[in-house]
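What follows is each chain in one-letter form.
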Amino acid sequence: MLNTISLTYSLSISAADLLGDVALGTYEDALSAALERAYPTAVVSVGVRLARCDESTYRATCTTVDGVELQVWRDGVGRVEIGVDPDALGFAQSESICESFRHADETAWERACEAVEA
């Protein structure tokens with residue numbers, strides 16, 4: 001369904017402390033892999049930076065295979081939302097995209113923690 005995903009992730013300091021010295025690269029690799037599994041035909045670009053915030057956030061700019069542009073973001077309280085013309089993408093599709101990003105973020109966190117423990 002998604003053709004391109006360009007995501008910038010702001011990793012909280014507390015999350016970076018848990019992941020250690022390789023936090024940014026580890027999380028970037030894990031999130032890229034999770035999004036590529038969710039959208040195997042999409043071109044995925046992920047950048048992770050350290051942010052001085054209490055909660056990790058992200059913002060992604062995406063296009064669908066039909067050329068619809070949309071934004072997906074995770075705010076400072078963990079809520080994932082989507083910005084898209086409701087006439088261009090139905091509610092069920094919008095919710096599915098939000099859920100896939102939520103799941104990718106959770107999976108990336110689990111994988112990054114496993115990598116640190118190994």
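The structure contained in this document is the topic of the report that follows. Since the structure is predicted, the reported quantities are computational estimates derived from the model, not experimental observations.

1. Some remarks on the sheet that holds strand β3 (residues 57-64)
Piece 1. Read from one edge of the open sheet, five strands run β2-β1-β3-β4-β5, paired in mixed fashion. Either end of the sheet is taken by a strand with one partner, and the two such strands are β2 (43-51) and β5 (80-83). Taken over all neighbouring pairs, the strand axes of this sheet differ in orientation by 15° on average, direction set aside.
Piece 2. Pairing of strand β1 (residues 2-12) with β2 involves nine bridges; the strand directions are parallel. The residue of β2 that forms the bridge with S6 is S45.
Piece 3. Together, β1 and β2 form the strand contacts of helix α2 (residues 23-38), whose direction differs from that of β2 by roughly 150°.
Piece 4. Sitting on the sheet, helix α3 (residues 91-117) touches β1, β3, β4 (69-74) and β5, and the angle it makes with β5 is about 140°.

2. Re the layout of surface pockets
One simple way to see leftover space: roll a probe sized like a water molecule over the atoms.
Piece 1. Within this model, the largest pocket holds a volume of roughly 220 Å³.
Piece 2. Surrounding the largest pocket, 17 residues form its lining, Y9, E55, S56, R74 and D105 being those nearest its centre.
Piece 3. Those elements giving two or more residues to the lining of the largest pocket turn out to be β1, α1 (13-19) and α3.
Piece 4. Counting residues per element, the lining of the largest pocket draws most heavily on α3, at four residues.

3. Description of the nonpolar core
Piece 1. Grouped together as the largest cluster of nonpolar side chains are 32 residues, with contacts concentrated most on I5, L7, L11, Y27, L31, L35 and F101.
Piece 2. Elements supplying a minimum of two residues to this core: β1, α1, α2, β2, β3, β4 and α3.

4. Side note on the packing of aromatic side chains
Piece 1. In this structure the tally under the stated criterion is five aromatic pairs.
Piece 2. Ring geometry for Y9 and Y58: centres 5.7 Å apart, planes at 25°, overall stacked. Taken together, the residues Y9 in strand β1 and Y58 in strand β3 connect sequence positions 49 residues apart. When sorted by exposure, Y9 lands in the same class as Y58, which is buried.

Reading the values: rules and limits
- Residues numbered from 1 in each chain as written.
- Predicted model: local features only at pLDDT ≥ 70, side-chain atom pairs only at ≥ 80, totals over all residues.
- Heavy atoms only, no water.
- Pairing = 2+ DSSP bridges.
- Helix = DSSP H or I, 4+ residues; strand = E, 2+ residues; numbered from the N terminus.
- Axes fitted to C-alpha atoms, helices over the stretch in contact; angles between N-to-C directions.
- Contact = heavy atoms within 4.5 Å.
- 1 Å grid on protein atoms, 1.4 Å probe; cavity = no way out; pocket = protein on both sides within 12 Å on 5 of 7 lines; lining within 4 Å.
- Points joined across faces, edges and corners; volume = space filled by probe spheres on them.
- Core = buried A, V, L, I, M, F, W, Y, C linked by side-chain atoms within 4.5 Å.
- Buried < 20%, exposed > 50% of the residue type's maximum accessible area, 1.4 Å probe, protein only.
- Phe/Tyr/Trp six-rings, centres within 6.5 Å; stacked < 30°, edge-to-face > 60°.

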